[in-house]
Amino acid sequence: MPRKKKGERKDAYWLRDLPAMNQITPCLMPNRTDNEAYINLDIDLRPLDAYLEKKNQGRTEDKFTYFHLISAAIGKAFVLRPRMNRFIVAKKIYQRKEITVAFVVKKKFSDRSEEGLAFLTYKPETTLDSYHESIMKVIHQTRREDVKDTSSDAMDILTKLPHWVLRLAIRFIMFLDRHGIAPQSLIGTDPYHAAIFLSNLGSIGLECGYHHLANWGTNSCFIVIGKKHWTKVYSPDGSEDVHEVIPLGVTLDERIADGYYYSGTVALVKELLAHPELLELPADTPVEYAIKR
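Scope of this entry: the structure provided in the associated data block. All values reported here derive from a predicted model rather than from experimental measurement.

**Regarding the overall build of the protein chain**
Alright, step 1. A count of helical and extended segments in the protein chain gives eight helices and ten strands.
Alright, step 2. Reported as C-alpha extents along the three principal axes, the dimensions of the protein chain are approximately 60 × 50 × 35 Å.
Alright, step 3. Scored against the burial criterion, the 293 residues of the protein chain give a buried share of 45%.
Alright, step 4. Look at the contacts in the protein chain between residues 6 or more apart in sequence, and 70% of them connect residues 24 or more apart.
Alright, step 5. Carbon together with sulfur atoms contributes 55% to the accessible area of the protein chain, which is approximately 16,400 Å² in total.
Alright, step 6. Within the protein chain, the 38 negative side-chain charges are centred at a point lying 8 Å from the centre of the 41 positive side-chain charges.

**Concerning a nonpolar patch on the surface**
Alright, step 1. Taken together, the side chains of Ile-24, Leu-28 and Met-29 present a nonpolar region at the surface, about 300 Å² in accessible area.
Alright, step 2. Structurally, Ile-24 is set in helix H1 (residues 20-28).
Alright, step 3. A residue is classified by how much of its surface remains accessible, and Ile-24, at 45% relative accessible area, is partly exposed.

**Quick look at the side chain of Gln-95**
Alright, step 1. Structurally, the position occupied by Gln-95 is in strand S4 (residues 92-96).
Alright, step 2. Take Gln-95: its relative accessible area is 15%, and that puts it in the buried class.
Alright, step 3. Separated by 2.8 Å, the side chain of Gln-95 and the backbone oxygen of Pro-82 make a polar contact.
Alright, step 4. A distance of 3.0 Å separates a polar atom in the side chain of Gln-95 from a polar atom in the side chain of Arg-86.
Alright, step 5. Once residues within four sequence positions are removed from consideration, Gln-95 is found in contact with Ala-12, Tyr-13, Leu-15, Pro-82, Asn-85 and Arg-86.

**As for the packing of aromatic side chains**
Alright, step 1. Across all of its chains, the model carries six aromatic pairs by this definition.
Alright, step 2. A ring pair is formed by Phe-197 and Phe-222, whose centres lie 4.4 Å apart and whose planes are at 45°; its orientation type is tilted. Of this pair, Phe-197 sits in strand S7 (residues 196-200) while Phe-222 sits in strand S8 (residues 221-225), and the two are 25 residues apart along the sequence. The pair formed by Phe-197 and Phe-222 is uniform in burial state, with each residue classed as buried.
Alright, step 3. We note Lys-92 situated over the ring of Trp-14; from NZ or CZ to the ring centre the distance is 5.2 Å.

**Considerations on the sheet that holds S4**
Alright, step 1. With antiparallel pairing, three strands are arranged side by side in an open sheet as S1-S4-S3. Among the strands making up the open sheet, the edge pair consists of strand S1 (12-14) and strand S3 (86-89). Averaged over neighbouring strand pairs, the angle between their axes works out to 35° when direction is ignored.
Alright, step 2. Alignment of S3 against S4, held across four bridges, turns out to be antiparallel. The residue bridging Phe-87 from the neighbouring strand is Tyr-94, located in S4.

**Some points on the side chain of Glu-244**
Alright, step 1. Structurally, the position occupied by Glu-244 is in strand S10 (residues 240-253).
Alright, step 2. The charged side chain of Glu-244 is buried without a salt bridge, its nearest counter-charge being Lys-228 at 4.1 Å.
Alright, step 3. Here Glu-244 is in contact with Ile-43, Asp-44, Leu-45, Lys-228, His-229 and Trp-230, once residues within four sequence places are set aside.

**Concerning the pairing of S4**
Alright, step 1. Taken across its five residues, S4 has four buried, putting it largely inside the fold.
Alright, step 2. In this structure, S1 lies alongside S4, joined through three bridges in antiparallel fashion. Residue Trp-14 lies in a different strand from S4, and its bridge partner there is Tyr-94.
Alright, step 3. Between the antiparallel neighbours S3 and S4 lie two residues, among them Ala-90 with a positive phi of about 55°.

**Some remarks on the pattern of salt bridges**
Alright, step 1. Considering all chains together, one arrives at eight salt bridges under this definition.
Alright, step 2. Between Arg-46 and Asp-241 there is a salt bridge, and its shortest N-O distance comes to 3.1 Å. Residue Arg-46 is found in helix H2 (residues 46-55), and its partner Asp-241 is found in strand S10; the two are separated by 195 residues along the sequence.
Alright, step 3. Residue Asp-129 is joined to Lys-55 by a salt bridge in which the shortest nitrogen-to-oxygen separation is 3.0 Å. On the criterion of sequence distance, the pair formed by Asp-129 in helix H4 (residues 128-142) and Lys-55 in helix H2 is long-range, its members being 74 residues apart.

**Some remarks on the state of the cysteines**
Alright, step 1. One pass over the structure, following the stated rule, counts zero disulfides.
Alright, step 2. Residue Cys-221 stays outside any disulfide, its sulfur separated by 13 Å from that of Cys-208, the closest cysteine.
Alright, step 3. Residue Cys-221 is classed as buried on the basis of its relative accessible area, which comes to 2%.

Calculation rules
- Residues numbered from 1 in each chain as written.
- Predicted model: local features only at pLDDT ≥ 70, side-chain atom pairs only at ≥ 80, totals over all residues.
- Heavy atoms only, no water.
- Helix = DSSP H or I, 4+ residues; strand = E, 2+ residues; numbered from the N terminus.
- Buried < 20%, exposed > 50% of the residue type's maximum accessible area, 1.4 Å probe, protein only.
- Contact = heavy atoms within 4.5 Å.
- Areas by Shrake-Rupley, 256 points an atom, 1.4 Å probe, with all protein chains shown as cover.
- Lys, Arg positive; Asp, Glu negative; His and termini not counted.
- Charge placed at Lys NZ, Arg CZ, Asp CG, Glu CD.
- Patch = residues over 30% accessible without salt bridge, like charges linked within 9 Å, V, L, I, M, F, W, Y side chains within 5 Å.
- Salt bridge = Lys/Arg side-chain N within 4 Å of Asp/Glu carboxyl O.
- Polar contact = N/O pair within 3.5 Å; in protein donor to acceptor, adjacent residues only side chain to side chain.
- Phe/Tyr/Trp six-rings, centres within 6.5 Å; stacked < 30°, edge-to-face > 60°.
- Lys NZ or Arg CZ within 6 Å of the ring centre and 35° of its normal.
- Pairing = 2+ DSSP bridges.
- Axes fitted to C-alpha atoms, helices over the stretch in contact; angles between N-to-C directions.
- Disulfide = S-S within 2.5 Å.

Structure below.
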C-alpha cells in the first residue's frame, strides 16, 4: 500500500499548486473566524410558489418546501463551482472529496426538546427528487426520540468524564482534527465538518442574519434562511414591483476564493431559484447564468 503523504487528509486533497497569494494568505491569516465574508440576498418567491404548487399537487405529507429548493440550489452550485467546496486547516488549502450538507433538526417544537444533527451527501447525480427523498429520510430518523446521531452520542460520553480529563480529551481531538484523523464517531454528523451548514431560522419565525464560522472543523460556508417578507423594488422607469422574498445570509471564508467567484455563485443560485425546474436535472448538468452589474 502506498504511503500517505504528509499533509494529506482522508476527507480532502491538499491543493499544492495554487498561486502564491493563495498559499501565503492562510499563513498570514490562519484563523477562519478572522476571514469571514458576509453576503445577504433576497430570493423572489413568485417562481418558487408557482413551482411548489404544481410539485405538491396531490401530496398530503412530506411536501416540498422552500428549504428543499434553496438547499438543493446551493448543493448544485457547489457541484458546478467546485472552489466553493474548499477549506483551510493548519494553513493548508484543501479540496473536499465530497459535498456534504448539514443542519440542525429540532425533535419537537418545544423548549425542552433536544436537537439532532442531520448530515447528508450531495452528489453530482443528485436531482431534486432524490435529494428530497434523502432529506426527508434523515429528518424522520433524526426526530425519533430513541435515536441519536453519532456526534451527539460521542459528546454525551465525553461530558461524563471529569472536567480536567474532558479538557485534555478535547485538546487531543482538536489535534487529531487538524491532521484529518479525528474519529468519525465524533465528527461523522458534526455540521462544522460539512461543506454547507444551513440554519432555517424562518421555520421558527426568526429574521435572517449573520452567523459566524468556527475555527473548529472544516466548514467554510454557513447559510441562514430567514422568514419571508414583502419588499418593494423600483424598475429603471420608476415603476414599483411589490412581492414576497425570502432572505439568505451567507458567511464564507474569503481565503478559499475571490469576490468574483463568489459573485458568480450567487448569480447561479439566483438563476436556479428563478427556474426551479432546473433542479430536477442531475446536479452536474450545466446551467447558463450571468453576473448582473
